Amino acid sequence: MGNPFVEGRVLSPPSTILVIFGASGDLTGRKLVPGCYNLFKDGYLPESFSIVGVSRTPLSDEAFREKLKDGVTKYSRSGIDEEWWKQFSSRIFYQPLDATKEADFIALRERLQRIGGDTIPNYLYYLAVSPSLFGEIAGKLKGADLIETPGGVRETRLIVEKPFGYDLETAQNLASSLYQSAKEEQLYRIDHYLGKETVQNILVFRFANGLFEPIWNRKYVDHIQISVAEDIGVENRGDYFDKAGIVRDFVQNHVFQMLSLLCIEPPNSLSDAEGIRNEKVKVLKSIKRLTPGLVQKHIVRAQYGKGLIKGLDVPAYRDEKGVAKDSTTETYIAMSLEIDNWRWSGVPIFLRVGKRLSKRISEISVHFKQAPLSLFRGRQVESLEQNVLRIQVQPKEGISLRVNSKPPGPRMRVEPVEMDFSYHSSFGIASPEAYERLLLDAMRGEATLFTRQDEIEEAWKILEPVFDSFEELPLYFYEAGSWGPKEAAELLKPYGVRWARL
Ligand code: BG6
């Protein structure tokens, strides 16, 4: 099977039935079906491809299609075209199912056989349901002979969504419940950040250019920052979020995934999913563990109060639906970490993630050590800015390099300028949605962009001492629409650096 990082052309996957559990949910309508619609329009899906939506509510195929049409109209990146929709929607079916009833799984098997007809399509199950149901659904699928041993007549795979546990122990329990019915290689744990173009580009950027790899280490890099700012709050997920907090919701998965890709050693080859995933695990294993006593010095946690975003009054976190009035859950976190290995030892890594901040932006920046000032002494050049490589994940996907330059004129002055690469202007086409890429990869059995269980466990291990000390950490407050608590700036002071301007 080809690999996304080395292939010029995307191979069409083998014939597949995508079975979505949780078909009436948000994810199906907003991301999964609009994503498949765009893949279909762009010619990436196999000739024989169908979607079967599964959930408890009785619904006809027709009614299900109508419901999905709304979602595609609203959320498809290319809008909706009647003709394309007609062709696409004829491949969509609905099957009511109660996850506790074995008979319903037998009925599902018969339905899938009828839809497959003379072909033997692969079955790809998307469990867009609460993780508490993963084990039960997988078990019933297995019981109905709907999960086969890999390499059999058809491939059967399961895509699962976070949260992968609440801590190390629950993550291990969740995995054990899935392993009773499926093998690790059949499990595709989705982290949609890995489907984002710029995140994938980290590897191409590092390993396809001779320029960066030699300086990608402690000798030249001063520090690294990863910033994720969202202007949205908890939306309609207050219930879930209040139990999770931003560290579980975002750092354990998306941020650690970006960090590990950014810092991995070159794998043996980019065409082997395990090679890349092995290297990612090594990075996570090398992150210096914070002892409970050190957590205070390395972490700032905070929660948003009310404020103004895009001219609108927004409520304080504690006034959001589903959130406890005296909640101490963090909606913002800033942390400093270190990777204790040969390449990165001594390079501080600063992470900050928050909801209800001033704007939506995700950016990774690599700050290089300064050039010596000596040449410019006595020339009105007081200081030189560091060279900074910025990888902007969203919303404006691109990469830029800050270099010092002489502005025109008779005087010797030095000013920083940006050398910019923007996806939009260089390639002139819209990037696919993260889910499109990931769905296609799962259909093709390409697992590089999915998270392995050992990565999940390592990420939890890093955070264990953090959670153990949460109670003792102060909880700061920040105004919605601001850039977070002022204490986050203090965190960086001992290192003599500031947060990048976003
Ligand atoms: C999800 C988190 O995984 O990612 C949400 O649970 C967050 O809290 C979302 O808002 C952000 O995704 P994106 O692609 O909009 O950055």
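Every value quoted in this text rests on a predicted model; they were computed, and no experiment measured them.

A. Inspection of the overall build of the protein chain at higher detail. Of the regular secondary structure elements, the protein chain holds 14 helices and 16 strands. Against the 2.2 N^0.38 benchmark of 23 Å for 502 residues, the protein chain shows a C-alpha radius of gyration of 24 Å, consistent with a compact globule. Projected onto its principal axes, the C-alpha positions of the protein chain cover 80 × 50 × 45 Å. In the protein chain, which comprises 502 residues, the proportion classed as buried is 54%. Excluding contacts between residues fewer than 6 apart, the proportion of contacts in the protein chain whose partners are at least 24 apart in sequence is 78%. Counting only carbon and sulfur atoms, one obtains 51% of the accessible surface of the protein chain, whose full area is about 22,700 Å². In the protein chain, 66 side chains carry a positive charge and 68 a negative one; their mean positions are 5 Å apart.

B. Focus on the nonpolar core. Counting 140 residues, the largest nonpolar core has Phe21, Phe88, Leu108, Tyr125 and Leu141 as the members making the most contacts within it. Take this core: its biggest share by element is 12 residues, from helix α8 (residues 238–263). If sequence neighbours within four positions are ignored, Tyr125 has contacts with Val19, Phe21, Leu141, Leu146, Ile147, Thr156, Arg157, Leu158 and Ile159.

C. Looking closely at the side chain of Glu213. Assignment of secondary structure puts Glu213 in the loop between α7 (197–207) and β7 (221–229). There is a polar contact of 2.9 Å between the side chain of Glu213 and the side chain of Arg343.

D. Quick look at the confidence of the model for the protein chain. Here the protein chain shows a mean pLDDT of 93. Residues at 70 or above account for 96%. Contacts of residues 1–8 to residues separated by more than four positions or lying in other chains number 25 contacts, the stretch itself having pLDDT below 50.

E. Layout of the site of the ligand. Close contacts around the ligand come from 13 residues, with Lys196, Glu230, Arg237, Asp249 and His254 the closest. Between the ligand and the protein, one listed contact pairs an oxygen atom with a side-chain N or O atom of Lys162 at 2.9 Å. Within the side chain of Lys196, one N or O atom sits 2.6 Å away from an oxygen atom of the ligand. If the ligand stood free it would expose 400 Å²; the protein chains cover 81% of that surface.

F. Broad picture of helix α12 (residues 434–444). Judged by how many residues are buried, α12 sits mostly within the fold: 11 of 11 residues are covered. Where α12 terminates, the next one or two residues include Gly445, which has phi positive at roughly 75 degrees.

G. The sheet that holds strand β4 (residues 122–127), seen in detail. With parallel pairing, the 6 strands of this open sheet are ordered in space as β3-β2-β1-β4-β5-β6. Strands at the two margins of the open sheet, each flanked by one partner only, are β3 (92–96) and β6 (187–190). Shown here is a sheet whose adjacent strand axes are inclined to one another by a mean of 20 degrees, direction ignored. The sheet contact formed by strand β1 (residues 16–21) and β4 spans 6 bridges and is parallel. Bridge pairing in β4 places Thr16 opposite Asn122. Seen against the sheet, helix α5 (residues 134–143) touches β1, β4 and β5 (156–161) and runs at an angle of roughly 170 degrees to β5.

H. Inspection of the layout of surface pockets at higher detail. Of the pockets and cavities examined, the largest pocket occupies roughly 1,900 Å³. Put simply, the parts of the chain that give the lining of the largest pocket at least two residues each are α1 (26–41), α8, β13 (388–394) and α12. For the lining of the largest pocket, the element with the most residues is α8, which contributes 8 residues. Residue classes in the lining of the largest pocket are distributed as 21 nonpolar, 8 polar and 20 charged.

Cut-off values and rules
- Residues numbered from 1 in each chain as written.
- Predicted model: local features only at pLDDT ≥ 70, side-chain atom pairs only at ≥ 80, totals over all residues.
- Heavy atoms only, no water.
- Helix = DSSP H or I, 4+ residues; strand = E, 2+ residues; numbered from the N terminus.
- Rg over C-alpha atoms; globule rule 2.2 N^0.38 Å.
- Buried < 20%, exposed > 50% of the residue type's maximum accessible area, 1.4 Å probe, protein only.
- Contact = heavy atoms within 4.5 Å.
- Areas by Shrake-Rupley, 256 points an atom, 1.4 Å probe, with all protein chains shown as cover.
- Lys, Arg positive; Asp, Glu negative; His and termini not counted.
- Charge placed at Lys NZ, Arg CZ, Asp CG, Glu CD.
- Core = buried A, V, L, I, M, F, W, Y, C linked by side-chain atoms within 4.5 Å.
- Polar contact = N/O pair within 3.5 Å; in protein donor to acceptor, adjacent residues only side chain to side chain.
- pLDDT = per-residue confidence, 0-100.
- Near = heavy atom within 4 Å.
- Pairing = 2+ DSSP bridges.
- Axes fitted to C-alpha atoms, helices over the stretch in contact; angles between N-to-C directions.
- 1 Å grid on protein atoms, 1.4 Å probe; cavity = no way out; pocket = protein on both sides within 12 Å on 5 of 7 lines; lining within 4 Å.
- Points joined across faces, edges and corners; volume = space filled by probe spheres on them.
- Nonpolar A, V, L, I, M, F, W, Y, C, P; charged D, E, K, R; others polar.

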